[in-house]
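The residues making up each chain are set out below.
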Amino acid sequence: MAADPAMAWVGLGANQGDRVATLRAAQQALGGLPQTRTVVRSSLYSSVPVAAGGPDYVNAVVGLETSLSPAALLMRLQEIEDRHGRVRSFRNAPRTLDLDLLMYGDLLLDTPELTLPHPRAHERAFVLVPLAEVAPELAIPGRGMVRDLLACIVGQAVDRLDE
Ligand code: AMP
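Residues numbered from 1 in each chain as written. Predicted model: local features only at pLDDT ≥ 70, side-chain atom pairs only at ≥ 80, totals over all residues. Heavy atoms only, no water.

Q: Just to check I follow, could you spell out the pairing of strand 5 (residues 98-104) for this structure?
A: In regular strands, side chains alternate between the two faces of the sheet. Counting buried positions along strand 5 yields seven of seven residues, so the element is predominantly enclosed. Pairing of strand 1 (residues 6-14) with strand 5 involves six bridges; the strand directions are antiparallel. By the bridge assignment, Ala8 is partnered in strand 5 with Tyr104. (Buried < 20%, exposed > 50% of the residue type's maximum accessible area, 1.4 Å probe, protein only. Helix = DSSP H or I, 4+ residues; strand = E, 2+ residues; numbered from the N terminus. Pairing = 2+ DSSP bridges.)

What follows is the structure, encoded as structure tokens:
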């Protein structure tokens, strides 16, 4: 491995097809990435789409220790999305699989391809609820602690799925 490993957090979402099976397969794929190991997985949750219609989402987060660079990891995430038949039609369109790179260590980045931390992670209950399950004291760089951010959110229903 070339670089010291970093802790990266990935948000998973699906609202088309067999959503639970898709998330399980994506979790497996993330753990199988080169130079990467899974540290923690949240439970699965259901959430109502934000700013869009369509079926409810199934969401989760995964914490990865990785020596892939942020750009290489994003590319791998997009490959996994593509393998699950994602078609990028329009913003917030229903999707078989959405993988967001929520954080990469405490890196702050703002390039056309990649913004870190993810610009909307701190205001989305479907990200913060699973994160609060596995890492409530995690700080989202520049935003604050997960537990505190979640306490500020109202009106976004996120329910843990029975598994
Ligand atoms: P979306 O359709 O919401 O999944 O957005 C995908 C696009 O957002 C891709 O073109 C990415 O290059 C870009 N992007 C920027 N920052 C991030 C991030 N932190 N995680 C995932 N995609 C990102």
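Now that the structure has been shown, the text picks up again.
Q: Even after reading the chapter, I still don't get the side chain of Ser46, so can you show me in this structure?
A: Its place among the elements puts Ser46 in strand 3 (residues 45-47). In this structure, Ser46 is in contact with Tyr57, Val58, Ala157, Val158, Asp159 and Leu161, ignoring residues within four places of it in sequence. (Contact = heavy atoms within 4.5 Å.)

Q: Just to check I follow, could you spell out the nonpolar core for this structure?
A: In globular proteins that are soluble, nonpolar side chains generally tend to be buried together. Ranked by size, the top nonpolar core spans 26 residues in total, and within it Leu12, Leu23, Leu30, Leu73, Leu99 and Leu101 carry the most contacts. When residues of this core are traced back to their parent elements, those giving at least two are strand 1, helix 1 (19-31), strand 4 (57-66), helix 2 (70-83) and strand 5. The greatest single-element share of this core, amounting to five residues, is contributed by strand 1. With residues up to four places along the chain from it excluded, the contact list for Leu99 reads Val10, Gly11, Leu12, Ala26, Leu77, Ile80 and Glu81. The next biggest cluster of nonpolar side chains, apart from the first, holds 18 residues, and it includes Met103, Leu128, Val146 and Val158. (Core = buried A, V, L, I, M, F, W, Y, C linked by side-chain atoms within 4.5 Å.)

Q: Can you walk me through unusual backbone geometry in this structure?
A: Apart from glycine, the bulk of residues carry a negative phi angle, and the bulk of peptide bonds sit in the trans form. Backbone torsion omega between Leu116 and Pro117 reads -10°, so that peptide bond is classified as cis. As for its placement among the helices and strands, Pro117 is situated in the loop between strand 7 (115-116) and helix 3 (125-134). Phi is positive for Gln35, close to 55°, though the residue is something other than glycine. Here Gln35 shows up in the loop between helix 1 and strand 2 (36-41).

Q: I'm lost on the pattern of salt bridges in this one. Help?
A: For side chains bearing opposite charge, pairing can occur when the charged atoms are close. For the structure shown, the criterion picks out three salt bridges. Note that Glu79 is salt-bridged to Arg76, the shortest N-O span being 4.0 Å. In this pair, Glu79 and Arg76 are both assigned in helix 2, three residues apart and thus about one turn of the helix distant. Of the residues examined, Arg76 reaches a relative accessible area of 28% and is grouped as partly exposed. The salt bridge partner of Arg147 is Glu137, with a shortest N-O separation of 3.4 Å. Here Arg147, found in helix 4 (residues 146-151), pairs with Glu137, found in the loop between helix 3 and strand 8 (139-140); they are 10 residues apart in sequence, far enough to count as distant. (Salt bridge = Lys/Arg side-chain N within 4 Å of Asp/Glu carboxyl O.)

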